[in-house]
Amino acid sequence: MSEIASVLFAREEIGRRISELGREIAGDYGARDPILVSVLKGGTIFLADLMRSVSRPLEIDFLSISGFGDGDESMGRVRILKDLDTDIAGRDVLLVEDIVDTGLTLAYLLSTLEGRGPDSVRVCALLDKSVRRIAPVEPSYVGFDCPDRFVIGYGLDFRQRYRNLADILAVDDMAALQADPDALVPLLDGDTGGEPA
Ligand code: 5GP
């Protein structure tokens, strides 16, 4: 295992938790078929697994935003780069997020979606960095509470890399990763030293 990052949530643990979330969501929505909305790009892997663990009819849709901290956007400004294809008026929307950190992105998305007249908008976040919260947003479903660490893998990137790691890793030595962004590429062969299958 690398000295730069270590496994925080192993693939097996993620899979088990997503099965539980899927059962809970299926039970809560009953016959009200929800639209699961994923925020590109980080949330796509979570959406792909979560939707297959919900044993009820559902729809999916995607949106893309310019996030806080993308470098070209000042704090407090988020822009929709790709909007939903679906009219969500009168529908039950479940926003599927990879991670909620300060909550500022989520607060913006919620106010935007709520303005379109849906019956309900709820949030399912795989990771919740609750200690970092600034905006008062509370996901209805949370996979794991996440420590205040920078995490990568399972959809989450560092400079667009490492979304395809099967486990979620915490970066232990950010300076080393910044100096060599490809330092963790050897871990992409599948062995991050997490739980054995
Ligand atoms: P928020 O607006 O809640 O502060 O930020 C949410 C967004 O910040 C997430 O959708 C994600 O893109 C990014 N983010 C926050 N924490 C992390 C992290 O630990 N790792 C990665 N890769 N992205 C993060």
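Notes on the structure follow. (Residues numbered from 1 in each chain as written. Predicted model: local features only at pLDDT ≥ 70, side-chain atom pairs only at ≥ 80, totals over all residues. Heavy atoms only, no water.)

So, the overall build of the chain
So, step 1. Helix and strand counts for the chain come out as four helices and nine strands.
So, step 2. Along the chain direction, N to C, the helices and strands of the chain fall in the order β-α-β-α-β-β-β-α-β-β-β-β-α.
So, step 3. Expected size for 197 residues packed as a compact globule is a radius of gyration near 16 Å; at 17 Å, the chain falls within 12% of this value.
So, step 4. Once the C-alpha set of the chain is aligned to its principal axes, its extents read approximately 50 × 40 × 30 Å.
So, step 5. Per-residue burial over the chain gives 46% buried out of 197 residues.
So, step 6. Restricting the contact set of the chain to residue pairs at least 6 apart, pairs at least 24 apart contribute 64%.
So, step 7. Element-wise, carbon and sulfur atoms account for 49% of the exposed surface of the chain, whose accessible area totals about 9400 Å².
So, step 8. Within the chain, the 35 negative side-chain charges are centred at a point lying 3 Å from the centre of the 21 positive side-chain charges. (Helix = DSSP H or I, 4+ residues; strand = E, 2+ residues; numbered from the N terminus. Rg over C-alpha atoms; globule rule 2.2 N^0.38 Å. Buried < 20%, exposed > 50% of the residue type's maximum accessible area, 1.4 Å probe, protein only. Contact = heavy atoms within 4.5 Å. Areas by Shrake-Rupley, 256 points an atom, 1.4 Å probe, with all protein chains shown as cover. Lys, Arg positive; Asp, Glu negative; His and termini not counted. Charge placed at Lys NZ, Arg CZ, Asp CG, Glu CD.)

Comments concerning the sheet that holds strand β5 (residues 92-100)
So, step 1. Spatial ordering of the open sheet is given by β4-β3-β2-β5-β6-β7, a layout of six strands whose pairing is mixed. Only two strands of the sheet have a single partner each, and these edge strands are β4 (79-82) and β7 (141-145). Strand-to-strand, the axes of this sheet are offset by a mean angle of 30 degrees, without reference to chain direction.
So, step 2. Two elements, strand β2 (residues 35-40) and strand β3 (residues 59-66), share six bridges in a ladder whose sense is parallel. Directly across from Val-37, in β3, lies its bridge partner Asp-61.
So, step 3. Packed on one face of the sheet, helix α2 (residues 44-52) meets β2, β3, β5 and β6 (120-128) and runs near 160 degrees to β2. (Pairing = 2+ DSSP bridges. Axes fitted to C-alpha atoms, helices over the stretch in contact; angles between N-to-C directions.)

Section: the packing of aromatic side chains
So, step 1. All told, the structure shown has two aromatic pairs when counted by the stated rule.
So, step 2. Measuring from ring centre to ring centre gives 4.3 Å for Phe-9 and Phe-144, while their planes differ by 20 degrees; the resulting arrangement is stacked. Of this pair, Phe-9 sits in strand β1 (residues 5-9) while Phe-144 sits in strand β7, and the two are 135 residues apart along the sequence.
So, step 3. Its relative accessible area of 11% is what places Phe-144 among the buried residues.
So, step 4. Consider the rings of Phe-150 and Phe-158, whose centres lie 6.4 Å apart with planes at 85 degrees: the pair is edge-to-face.
So, step 5. Accessibility expressed as a relative area gives 35% for Phe-150, which makes it partly exposed.
So, step 6. The aromatic ring of Tyr-29 is capped on one face by Arg-122, whose charged end is 5.5 Å from the ring centroid. (Phe/Tyr/Trp six-rings, centres within 6.5 Å; stacked < 30°, edge-to-face > 60°. Lys NZ or Arg CZ within 6 Å of the ring centre and 35° of its normal.)

Description of unusual backbone geometry
So, step 1. That bond from Leu-40 to Lys-41 is cis: its omega, 0 degrees, falls within 30 degrees of zero.
So, step 2. Even without being a glycine, Tyr-154 presents a positive backbone phi close to 50 degrees.
So, step 3. By the secondary structure assignment, Tyr-154 is in the loop between β8 (151-152) and β9 (168-171).
So, step 4. Accessibility expressed as a relative area gives 7% for Tyr-154, which makes it buried.
So, step 5. With a phi angle near 45 degrees, Arg-159 is a residue other than glycine that sits in the positive phi range.

A few points about the nonpolar core
So, step 1. Counting 26 residues, the largest nonpolar core has Phe-46, Leu-50 and Leu-127 as the members making the most contacts within it.
So, step 2. Within the residue set of this core, elements represented by two or more residues are α1 (11-29), α2, β5, β6, β7 and β9.
So, step 3. Looking at this core, the element that brings in the most residues is α1, giving six residues.
So, step 4. Of all hydrophobic cores here, the second largest spans 19 residues; its members include Ile-35, Val-78, Leu-84 and Val-123. (Core = buried A, V, L, I, M, F, W, Y, C linked by side-chain atoms within 4.5 Å.)

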